[in-house]
Number of protein chains: 2
Amino acid sequence: MLVMIMVTNRRFPEMGSGGADGRRGIERMTAQRRAILEELMGVDTHPSALELYEMVRQRLPRISLGTVYRNLEIMSEEGLALKLEHAGAECRYDGNVSPHCHVRCLGCGRISDVPLALPEGLAVEAEKASGYRIAGHRIEFDGWCGKCRRKRRKARRGE
Amino acid sequence: MLVMIMVTNRRFPEMGSGGADGRRGIERMTAQRRAILEELMGVDTHPSALELYEMVRQRLPRISLGTVYRNLEIMSEEGLALKLEHAGAECRYDGNVSPHCHVRCLGCGRISDVPLALPEGLAVEAEKASGYRIAGHRIEFDGWCGKCRRKRRKARRGE
DNA sequence: GTAGCTGCAAAGACTTTGCCCGGGG
DNA sequence: CCCCGGGCAAAGTCTTTGCAGCTAC
């Protein structure tokens, strides 16, 4: 899928220039920013910053990795992308911000979407049980993708 | 709570010396290993490796951070501890391996336990929807703990 | 006795940041 | 024209690893 970011005027409708909470905002649509957004929106592979850097570099060979990080950070603050922070592994980014969860392959680390949502009521229960004011949540599954499952079976037979 | 690790013979019942999947095992109960286990089991604060290092250092001033990391890694492989690879911060460790989930405070980063489990059936649904063989899962809530909530309210009134 | 562990320090992987300049608006 | 954002590189943070000596068993 090819994604084309159209700039209508000064900024995206979703892009404030930072709210009352002091966030940064997106003020200018530069070529780099557009390219990063388009590449991210165009895949469902949850690329890491480095992978995205390589992708964007096809179009903008002089872009720097720092720029990619800077923009991904801003985009996730602005709600244009999801930053999947699984500590212990590098962050991965998701251009699909609709509610869904993820499964990560224990073999190859690949992340896939899972179209499931947290059963309603569970957040309320968590709030009661913990005393925290719940603001968000994340469900992550771990598992084995088809490819790694086959590889594993073969390895076990071999040993 | 004080936790005392008793060594019966060669090894813990739960501690294999590595399974068919080639994992490392725990062969020897050293003072360092015992101290790390005991400190981790004795708190419910989900310490990071560095925090645990500081805790253990009270007892074993010459222990090294590398040893703490090495042992935490092995323990989590052996199922004696949980490695919480939660969103964007350093890994934290949990001596409580019974099924439960966690909430992290958006203000101070503190992690607390939430005594809730994934509704049964959801893992099966995820398996069907994703094609992965699901092996585990994690539910993480984000929220504001009481202390940070009060701090925030005060700050907002102040501005 | 021996191989599994430790302490130490260096290296590694990923991410953030300071600085100065260019270009978007 | 102004200042946001980019390129570059250095620094920062967390974690892993190689090595030589020590020690649990």
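Report follows, based on the coordinates. (Residues numbered from 1 in each chain as written. Chains lettered and ligands numbered in written order. Predicted model: local features only at pLDDT ≥ 70, side-chain atom pairs only at ≥ 80, totals over all residues. Heavy atoms only, no water.)

Turning our attention to the interface of chain A and chain B. With 41 residues of chain A at the interface, the matching set in chain B holds 44 residues. A buried area of about 3300 Å², summed over both sides, lies between chain A and chain B, and 60% of it is on carbon and sulfur atoms. Run the count over chain A and chain B and you get four salt bridges. For the salt bridge of Arg138(B) with Asp142(A), the shortest nitrogen-to-oxygen distance reads 2.3 Å. At the boundary of chain A with chain B, the tally comes to 14 residue pairs in polar contact (both at pLDDT 80 or more). Tallying contributions element by element places strand 5 (residues 133–144) of chain A first for the side of chain A that touches chain B, with twelve residues. (Contact = heavy atoms within 4.5 Å. Buried area = accessible area lost by both parts, 1.4 Å probe. Salt bridge = Lys/Arg side-chain N within 4 Å of Asp/Glu carboxyl O. Polar contact = N/O pair within 3.5 Å; in protein donor to acceptor, adjacent residues only side chain to side chain. Helix = DSSP H or I, 4+ residues; strand = E, 2+ residues; numbered from the N terminus.)

Here chain A sits on chain B after a turn of 179 degrees about the axis and a move of 0.2 Å along it, with an RMSD of 0.2 Å. Expressed as a symmetry operation, the mapping of one chain copy onto the other fits a two-fold axis. When the interface residues of chain A are mapped onto chain B, 98% of them are again interface residues, pointing to one common binding face. (Least-squares fit on C-alpha atoms with pLDDT ≥ 70 in both.)

As a further point, take the protein's contact with DNA strand C. Taken together, 21 residues are adjacent to DNA strand C, and Arg28(A), Tyr69(A), Cys91(A), Glu27(B) and Thr67(B) come closest. Atoms of DNA strand C within 4 Å of the protein belong to the sugar or the phosphate in 66% of instances, the rest to bases. Thr67(B) places a side-chain nitrogen or oxygen 2.5 Å from a phosphate oxygen of DNA strand C. Among the secondary structure elements, those contributing two or more residues to the surface near DNA strand C are helix 3 (65–78) of chain A together with helix 1 (31–41) and helix 3 (65–78) of chain B. (Near = heavy atom within 4 Å.)

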